[in-house]
Amino acid sequence: MKSEGRARFAGRVCLLLLALVGLLAGNGVAAAYPDVDGVGTEAGAIVAAPTSEGAASSEAGSSLSCLPFYSEPQFVLRVDYAGPHSGTYEPSPTAGDFNGDGLEDIVITRLNFKTYDTFELGILINDGNGSVILATSSIFLGASPTVQNPRQVIIADFNGDGRPDIFVADHGYDAHPFPGYQNALALTAPGGKLVDATGNLPQQSTFTHSAAAADIDGDDDIDLYVGNIWGQNDIDPQILLNDGSGDFTLAEHRLPPLVDLNQNGCTTCEFSDVNNDGSQDLILGDAGDDISNPHSRRDSAVLLNDGSGVFTLLPDAIPPKAFSDFDICHDIQPVNLNGDGYVDLFVVYERQNMRGSYIQALINNQDGTFRDETESRLESFDRWVWIPKVELRDLDRDGDLDLVAWPFDDQNPDPMLFLNDGQGHFSLREHDFGCPYLYDTFLDLEGDGGHDILFITFAPPEEVFVIRDLGCPMFLPLVMSNRWMGN
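Parameters at a glance
- Residues numbered from 1 in each chain as written.
- Predicted model: local features only at pLDDT ≥ 70, side-chain atom pairs only at ≥ 80, totals over all residues.
- Heavy atoms only, no water.
- Pairing = 2+ DSSP bridges.
- Helix = DSSP H or I, 4+ residues; strand = E, 2+ residues; numbered from the N terminus.
- Axes fitted to C-alpha atoms, helices over the stretch in contact; angles between N-to-C directions.
- Phe/Tyr/Trp six-rings, centres within 6.5 Å; stacked < 30°, edge-to-face > 60°.
- Buried < 20%, exposed > 50% of the residue type's maximum accessible area, 1.4 Å probe, protein only.
- Lys NZ or Arg CZ within 6 Å of the ring centre and 35° of its normal.

Remarks on the sheet that holds strand β26 (residues 416–420)
If you trace the 4 strands from one edge of the open sheet to the other, you get β24-β25-β26-β27, paired in antiparallel fashion. Only two strands of the sheet have a single neighbouring strand rather than two, namely β24 (386–393) and β27 (426–429). Each strand of the sheet is rotated relative to its neighbour by a mean of 25 degrees, with strand direction disregarded. Sheet analysis places strand β25 (residues 402–408) next to β26, joined by 3 bridges and oriented antiparallel. Within the sheet, the bridge partner assigned to Ala 405 lies in β26 and is Met 416.

As for the packing of aromatic side chains
A complete count under the given rule lists 17 aromatic pairs for this structure. With a centroid separation of 5.6 Å and 85 degrees between ring planes, the pair formed by Phe 178 and Phe 207 is classed as edge-to-face. Of this pair, Phe 178 sits in the loop between β9 (165–170) and β10 (184–189) while Phe 207 sits in the loop between β11 (193–196) and β12 (208–214); the two residues are 29 residues apart in sequence, bridging distant segments of the chain. Judged by its relative accessible area of 31%, Phe 178 is partly exposed. On the accessibility criterion, Phe 207 (7% relative accessible area) is buried. Following the ring pairs from residue to residue traces out a cluster consisting of Tyr 70, Trp 406, Phe 433 and Phe 442. Above the plane of the ring of Phe 323 lies Arg 351, whose end atom (NZ or CZ) is 3.7 Å from the centre. Lying across the ring of Trp 384, Arg 351 places its NZ or CZ 5.7 Å from the centre.

Next comes the structure, spelled out in structure tokens:
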């Protein structure tokens, strides 16, 4: 039997056994539940459904949980088409269904640090048999977009055809004089194809450190916030308005004076409706105070959207950082932590002088301002490592969202897992994901709702490996049943 078949079979058998044990224990009925990426689990775990989309808490916590059991890394294919660049690596392999077959594919962006080398986007297509194939030349009509130092990849339907497109925030050469680079765009085309649509963006060399996408003006298309920071051209952060077809124009006078490189700089950003008025507001994570200028003040902020895509500053919305004003924000993850229907936040900071990272759990005061409840909601950790991103996934299959922190640590690149108790409180749990390299990404390779992991080795050569989610360990239902019986 193929490894894909074994993984799917094991996962479904385990879920069926969990459901049976739960029924015998009087814990409810089996029902399908949505995974964090929207893929349903077929043979139902017994769960308490989240109170709202993106919720981390549930009205009644589940008694059942099952962390994934992972395979050893399995070689899939050798890509090796980036040329003879010895320092090339793939910083953010990102999942999306690019050919419309309902399975998750991967877009690859490459860089060679502190060089002017450029690379085409790479596409790995899910073959439907538990593996991926290199498909860049076959899926693109013409050449694919080129990138130089990609910082962030956004997958969203920019041209309104129901299929995901690709935007790449690219800041270019990452050393003096920081000249910037052109951001990239790829749009879907008929026949399951992609086209280079970078020409649909403003043509400018920006030092774009982050980006976010949402319909900000209520016209049913996805717009962009482009989080530029200091570079040779000093181009301020920008709003790019979509005409509905994936053609973007620069919108003036949409952002308040706060968002100006003469006054502030923001290293990360996220759209979310923080005050429940139906419009997407903008949350900005600051770049830390300027250590060379003690009078500089940079603070993370909330900008409220008036519904037409014009933003104003909400004063004192984000609580102080835990350690120093010089700490730098690297990621923001909206989530409903306490089940009240308002967006809360996980915010990731890097401590001054790269002395590790920390995560804050911020609770919405139901007006778009936040209070810090980190101490009661998130177990502390003493791992001194940079955490560039966090994400929310139901890793233990109990119906609520757990927190996964991806460390930049070549000695221990496994994600840090914080399990949710069902009420929005997270405890650190050691778990062997088996990640031997940096820059891993979750994907559902077999289409079974699992949390497989893909990584690509540094070039040359570029080799793609998959760590498969094999489902629950087979003995777990027996252990849980034994525990419930008082043994």
